[in-house]
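A look at the structure
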Amino acid sequence: MNVFLTEFQEMELDGEIPVALLLRDSGTGIRSHSLAHYYDPSVFEGMDLVQAVTLTFTSSPAL
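Below is a short write-up of the structure. (Residues numbered from 1 in each chain as written. Predicted model: local features only at pLDDT ≥ 70, side-chain atom pairs only at ≥ 80, totals over all residues. Heavy atoms only, no water.)

Nonpolar side chains collect at one region of the surface, where Met11, Leu13, Leu55 and Phe57 lie side by side and expose about 360 Å² of accessible area between them. Within the secondary structure layout, Phe57 lies in the segment after β3 (49–56). Relative accessible area serves as the criterion here: at 36%, Phe57 is assigned to the partly exposed category. (Patch = residues over 30% accessible without salt bridge, like charges linked within 9 Å, V, L, I, M, F, W, Y side chains within 5 Å. Areas by Shrake-Rupley, 256 points an atom, 1.4 Å probe, with all protein chains shown as cover. Salt bridge = Lys/Arg side-chain N within 4 Å of Asp/Glu carboxyl O. Helix = DSSP H or I, 4+ residues; strand = E, 2+ residues; numbered from the N terminus. Buried < 20%, exposed > 50% of the residue type's maximum accessible area, 1.4 Å probe, protein only.)

This is the structure we're talking about:
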């Protein structure tokens, strides 16, 4: 299952925003997930693989 950011999201400088979740589970059940679950990782317990892609917009210039 892949979940991507599809709607407008308020950003906060120096705050992390999830833009994608990549989930793999060999179980037989089908679970629904959203990007909001990134902030409560306990919902992914028992899954084979969970990857998150996040963005952080920083207020300081890159070195």
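Glancing now at the environment of Phe4. Within the secondary structure, Phe4 is located in strand β1 (residues 2–4). Sequence separation between Phe4 and His33 is 29 residues; the distance between their C-alpha atoms is 11 Å. Ignoring anything within four residues of it in the chain, the contact list for Phe4 reads Val19, Ala20, Leu22 and Leu35. (Contact = heavy atoms within 4.5 Å.)

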